[in-house]
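Single-letter residue listing:
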Amino acid sequence: MATALKDKTASSKAAVTKKRASAKAAKPKPDAKSRTKKNDKRTLVVVESPAKAKTIEKYLGRNYVVRASMGHLRDLPKSQFGIDVEHDFEPKYINIRGKGPLIKELKKEAKNAAKIYLASDPDREGEAIAWHLAHILDIDDKKECRIIFNEITKPAIEEAVKSPQPINIDRVDAQQARRMLDRIVGYKLSPLLWRKIRKGLSAGRVQSVTVKLICDREKEIEGFVSEEYWTIGLKLRKKRSKLFAAELSTVNGKKPSIGNEKDANAIAKDIERQTLKVASIRRSERKRKPAPPFNTSSMQQDAARKLGFTSRRTMAIAQNLYEGISLGKEGPVGLITYMRTDSTRISGMALDETRAFLKDKFGSSYVPSKPNVYAAGKNAQDAHEAIRPTDVKRTPDSVKEFLSPEQMKLYTLIWQRFVASQMTPAVYDTVSVSIEAGKKYQLRASGSEMKFAGFTAVYAGIESKKEKDVVLPALSEGDLLDISAILPEQHFTEPPPRYNEASLVKTLEEKEIGRPSTYAPIIETIIARGYVKRVEKQFRPTELGFVVVEMLEKYFKDIVDVGFTANLENELDEIADGKMNKNELLREFYMPFEKTLEAADEAIGHVEMPVEVSDVKCELCGRMMVIKQGRYGKFLACPGFPECRNTKPFFRDTGAKCPQCGGSIVERHTRRGLTFYGCNNYPECDFVTWDTPQEKPCDKCGSLMMKHHFKNGRALLYCTNDKCETRVNHPINKELARIKEKAEKAKADKEKKAAADKSVPDVKAAKAASKSKKKV
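Residues numbered from 1 in each chain as written. Predicted model: local features only at pLDDT ≥ 70, side-chain atom pairs only at ≥ 80, totals over all residues. Heavy atoms only, no water.

We now examine the pairing of strand E10 (residues 276–288). Pairing of E10 with strand E13 (residues 426–437) involves 12 bridges; the strand directions are antiparallel. Bridge assignment links Ile281 to a residue of E13, and that residue is Val433. With 2 bridges joining them, E10 and strand E15 (residues 480–492) adopt antiparallel strand pairing. The residue bridging Lys277 from the neighbouring strand is Leu480, located in E15. (Pairing = 2+ DSSP bridges. Helix = DSSP H or I, 4+ residues; strand = E, 2+ residues; numbered from the N terminus.)

What follows deals with the sheet that holds strand E2 (residues 64–68). Within a beta sheet, neighbouring strands are joined by backbone hydrogen bonds and run either parallel or antiparallel to one another. Read from one edge to the other, the open sheet built from 3 strands follows the order E2-E1-E7, with strand pairing classed as parallel. Of all strands in the sheet, those with a lone pairing partner are E2 and strand E7 (116–118), marking the two edges. Each adjacent strand pair in this sheet contributes to an overall mean axis angle of 20°, direction not counted. Across 3 bridges, the pairing between strand E1 (residues 43–47) and E7 is parallel. Across the sheet, the residue bridging to Leu44 is Ile116, located in E7. Set on the sheet, helix H3 (residues 50–60) makes contact with E1 and E2; between it and E2 the angle comes to about 170°. (Axes fitted to C-alpha atoms, helices over the stretch in contact; angles between N-to-C directions. Contact = heavy atoms within 4.5 Å.)

Using the criterion set out here, one finds 34 salt bridges in the structure. A salt bridge links Lys451 to Glu285; the nearest nitrogen and oxygen atoms lie 2.8 Å apart. In this pair, Lys451 sits in strand E14 (residues 441–452) while Glu285 sits in strand E10, placing the two residues 166 residues apart along the sequence. Ionic pairing is found between Glu619 and Lys648, a salt bridge with its closest N-O pair at 3.0 Å. A residue pair is termed long-range when its members are at least 10 positions apart, and Glu619 in the loop between strand E18 (612–617) and strand E19 (624–630) and Lys648 in strand E21 (residues 647–649) qualify at 29 residues. Lys648 gets classed as partly exposed once you look at its relative accessible area, which sits at 26%. Each of Arg178, Asp182, Arg205 and Glu569 takes part in salt bridges that share partners, so that together they form one network. (Salt bridge = Lys/Arg side-chain N within 4 Å of Asp/Glu carboxyl O. Buried < 20%, exposed > 50% of the residue type's maximum accessible area, 1.4 Å probe, protein only.)

This part is about the sheet that holds E14. In spatial order, the strands read E8-E9-E14-E13-E10-E15; together these 6 strands close into a barrel with antiparallel pairing. Averaged over all pairs of adjacent strands, the angle between their axes in this sheet comes to 35°, without regard to strand direction. Here strand E8 (residues 228–237) pairs with E15 via 10 bridges, running antiparallel. Bridging across to E15, Leu234 finds its partner in Ile486. Strands in contact with helix H9 (residues 261–272) are E8, strand E9 (244–251), E10, E13, E14 and E15; relative to E15, the strand with the most contacts, it is inclined by about 175°.

Here we come to unusual backbone geometry. Going from Phe641 to Pro642, the amide bond is cis rather than trans, its omega being 10°. With respect to the helices, strands and loops of the structure, Pro642 is situated in the loop between strand E20 (633–637) and E21. Even without glycine at this site, Phe89 takes up a positive phi of about 55°. Backbone geometry places Lys239, a non-glycine residue, at a positive phi of 50°.

One way to put it is that H3 packs onto helix H6 (residues 154–162) with a least axis distance of 9 Å and a crossing angle of 75°. The orientation of H3 with respect to H6, classified from their angle, is roughly perpendicular. On the side of H3, the interface is formed by Ile56, Tyr59 and Leu60, while H6 contributes Lys154, Ile157, Glu158 and Val161. Taken together, the residues of the contact of H3 with H6 sort by class into 5 nonpolar, no polar and 2 charged. (Parallel < 35°, antiparallel > 145°, perpendicular 65-115°, else oblique. Nonpolar A, V, L, I, M, F, W, Y, C, P; charged D, E, K, R; others polar.)

Let us look at the side chain of Ser614. Assignment of secondary structure puts Ser614 in strand E18. Take Ser614: its relative accessible area is 12%, and that puts it in the buried class. Among the polar contacts made by the side chain of Ser614, one reaches the main-chain amide nitrogen of Val616 at a distance of 3.2 Å. Here the side chain of Ser614 touches Met625 through a polar contact of 2.7 Å, landing on its backbone oxygen. Setting aside chain neighbours within four positions, we find Ser614 in contact with Met624, Met625, Val626, Ile627 and Leu636. (Polar contact = N/O pair within 3.5 Å; in protein donor to acceptor, adjacent residues only side chain to side chain.)

Another aspect to go through is helix H8 (residues 207–223). A rise of 1.5 Å per residue sets the reference length of H8, with its 17 residues, at 24 Å; its end C-alpha atoms lie 24 Å apart and thus fit the reference within 8%. Most of H8 is tucked away, with 12 of its 17 residues classed as buried. Taken together, the buried positions of H8 are occupied by Gln207, Ser208, Val209, Thr210, Val211, Lys212, Leu213, Ile214, Cys215, Arg217, Glu218 and Ile221. Packing partners of the buried residues in H8 comprise helix H15 (501–510), helix H16 (519–528), strand E16 (532–535), strand E17 (538–541), helix H17 (543–555) and helix H18 (562–576). (Expected span 1.5 Å × (residues − 1).)

Let us now look at the packing of aromatic side chains. The description of two aromatic rings rests on the distance between their centres and on the angle between their planes. Here the structure, examined in full by the defined rule, presents 10 aromatic pairs. Between Tyr322 and Tyr338, the ring centres sit 5.3 Å apart and the planes meet at 65°, which makes this aromatic pair edge-to-face. Here the residue Tyr322 occupies a position in helix H11 (residues 311–323), and Tyr338 occupies one in the loop between strand E12 (332–333) and helix H12 (348–361), the gap between them amounting to 16 residues. Aromatic rings pair up to connect Phe556, Phe564, Phe589 and Phe593 into one cluster. The ring of Phe651 is capped by Arg668, whose NZ or CZ atom sits 4.2 Å from the centre of that ring. (Phe/Tyr/Trp six-rings, centres within 6.5 Å; stacked < 30°, edge-to-face > 60°. Lys NZ or Arg CZ within 6 Å of the ring centre and 35° of its normal.)

On to helix H5 (residues 124–136). Relative to the 18 Å expected for 13 residues at 1.5 Å per residue, H5 spans 19 Å between its end C-alpha atoms, a close match to the ideal helical length. Across the 13 residues that make up H5, a large majority, 11, are buried. The set of residues buried in H5 consists of Arg124, Gly126, Glu127, Ala128, Ile129, Ala130, Trp131, His132, Leu133, Ala134 and Ile136. Phi for Asp138, located one or two positions after H5, is positive at around 60°.

Glancing now at the packing of helix H7 (residues 169–196) against H18. In the contact formed by H7 and H18, the axes pass within 7 Å of each other and the chain directions differ by 150°. Between H7 and H18, the angle falls in the class roughly antiparallel. In this structure, H7 contributes Asp170, Arg171, Asp173, Ala174, Ala177, Arg178 and Leu181 to the contact, and H18 contributes Leu568, Glu569, Leu572, Ile575 and Ala576. A per-class count over the contact of H7 with H18 returns 7 nonpolar, no polar and 5 charged.

These figures capture arrangement, not role.
Here it is as structure tokens:
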């Protein structure tokens, strides 16, 4: 029995073994080719940002691994000059502090990679980042290791991978030369400012010129003498026709020069006695062409004018749109082309797609017979395309649900401007009517009516609003006209306006100061250093800005000379084109600069900044405290320093009185630097507002007046007393109601969330109670 059982078990084991062997034999063996494919190393692609890496990795597939360098990994040291002047301006580069773990990880990935492609941004700085990466990862920069693409789309990425190229050393040298010029000025000139004016100051090669522009404009405004002048408008009609406007154009064949009210009233009375007759009518057709697609400068200007965005904010949002936005199931998609460009060029494929889209959407009458081509600026590098949507069929409405409000606004602006740039002009019928008032006076009336919308069907143009039709009644030569009203109006000549974000960027571009990618950092730097402040979206120089510019003008004319700075930019372009050696440029700049620096150090004495005495008494020693400028803004300090070290925060008094307690309303700042206004009796009085209080009270009821600022730069004055007669049908009512509704909704959402959190059982407490019960 035992023997039979033993035999049965043995035969069962043999059957299982045989079955396993046959199954193993039936399983197909991998061929050599598939084994090799399995063990193949993947291609490493290094980009600058994680968002970009995520989008590109989706397009390239599993045979590629994409990693981000997080910008620069090597730079000149912060603690020393870092340029060996005596040895051909040899730069001393070091790995940036804090980037060690990232460098280690990239080296590890590079060691295990079959190929390495460097895919930093397609500009000079991107080329320099690729060159530094090549050094860190031990890649020969003469080999085909660099891939360049203007947009993050699947076809563009796949095409770039098919055609890698060596790193462009000329472009790297141009970026190195810019970096070293800035280092020379910053590290050599800034200590002089510390010794002569105040610690913590800095002088930059491009930022100093920008501060000078703002200071010069302020001097123009201060020295401007306003002159009075008058114009004479009229309301006319032909028998029972609608009223239309006309204006006095000539007196005895010459342009009128009316300097005071007396002369204006005398002319008005004289015109009233004359017979008015239509002398001539000139009809014509006017075409208004679309603007070119955006480059970096025009995008910053339009975003400032229409959206109220700073240059920095515009570029940050554009970077997000370029690197990729997650579009639901479609995954991350780059919505616009590269946003640092000075070109208005458009690729042939994009033009064809856009023209087909327009024909389908608007009809052939809105599509010109040939694509619209726009000339680039005289110093444009034209290395990339204009800023445009990567796919014109991705309309703003189709991606709205995936974008933040700010992203949506900027993408809409870019999409509309690009699409409009390839449309036909808007056409207007215009009429100009010359009217005789006796033999001495001639009046002018103009009318305009849209005949064909053209590009304005999509984009209003550089101006924020579309042109309004001005329709004149049917008139014929010889028609007699009746005067309904004569309206003399007083005016005063105005000084040039202070620079705002849009006009400053435009001026920097026109004067060839810096390059499109540098405008936003320039503006942020001069504000951060305290040379300039932004007041009601306009730039005003501080006392410190005037002092620094005055010193630089006296001893370092080239540093603040617009022509010299523009010429340097052109020479950097020549280095990028391989027409000039970077060391030659550095030598030409450094030698005379060093001599001037030595002479200035000996000639300049200590510059005393004007001391502004406040009305606040030091409670420790009784002296009147003075207003000082620190790294983070103004503060109150005791002039008895170092015996008395008392300091206090400084709040600028607006001159307005608190409507709740009668105290003074002062200017305050949030942790993020945003300005708001509150009562100086805080915390006893909790009055706060974002709107700017006005020193002068309401003329009608004596209540506090405020100025409300919209994001597009528009401002509205209003009385805070909602029962005041000035508030009847005032446009601020709708805006204040919207703000109140928004605040109430936010409060309700907060309370709802708090209630929901309260109702959810505390999981940790429940677990702890359960454990304690088990122990018991």
